[in-house]
Amino acid sequence: MQKVKKVPQRKCIVCQERDSKKGLIRIVKNKEGEISLDPTGKANGRGAYICKSSECLKKAIKTKALNRAFKIEVSDEVYENLLTQLEAYEQ
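S.K.: Quick rundown of the layout of surface pockets? Include the residues and the values.
M.R.: If you add up the space inside the largest pocket, you get close to 300 Å³. The wall of the largest pocket is formed by 16 residues, among which Lys21, Lys22, Pro39, Thr40 and Gly41 lie closest to the centre. Sort the elements by how many residues they give to the lining of the largest pocket and strand β3 (residues 24–29) lands first, with three residues. Its residues assigned to classes, the lining of the largest pocket shows seven nonpolar, three polar and six charged.

Pasting the structure below:
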């Protein structure tokens, strides 16, 4: 009898929706403090998950959700950079 593998679940930091790890996109802060999009989900650093939609990221910008998740002040240019990366990834 073969065991069924458990699918890792993650929660979006903006809308609080649960989904599989592959259904969400990871934003990572590395040791240098740089914040970037991590489509592979394997980059080193502290990660936060959001839905794969630009609307969810825009809500994160509005509510400063990444500031709370990473416990640092995230600048507006970092948010703009993440937005352009996500829009490029969506296409």
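Further notes follow.
S.K.: Tell me about helix α1 (residues 54–63), residues and numbers included.
M.R.: For α1, the set of buried residues is Ser54, Cys56, Leu57, Ala60 and Ile61. The arc that holds every buried residue of α1, seen down its axis, measures 155°, which confines them to one face. Seen from the buried face of α1, the exposed residues on the opposite side, beyond 90 degrees, are Glu55, Lys59 and Lys62. Packing partners of the buried residues in α1 comprise β3, β5 (46–51), α2 (65–70) and α3 (76–90).

About the criteria used
Residues numbered from 1 in each chain as written. Predicted model: local features only at pLDDT ≥ 70, side-chain atom pairs only at ≥ 80, totals over all residues. Heavy atoms only, no water. 1 Å grid on protein atoms, 1.4 Å probe; cavity = no way out; pocket = protein on both sides within 12 Å on 5 of 7 lines; lining within 4 Å. Points joined across faces, edges and corners; volume = space filled by probe spheres on them. Helix = DSSP H or I, 4+ residues; strand = E, 2+ residues; numbered from the N terminus. Nonpolar A, V, L, I, M, F, W, Y, C, P; charged D, E, K, R; others polar. Buried < 20%, exposed > 50% of the residue type's maximum accessible area, 1.4 Å probe, protein only. Arc of directions from axis to C-beta. Contact = heavy atoms within 4.5 Å.

Interpretation in functional terms is not warranted from these geometric data alone.
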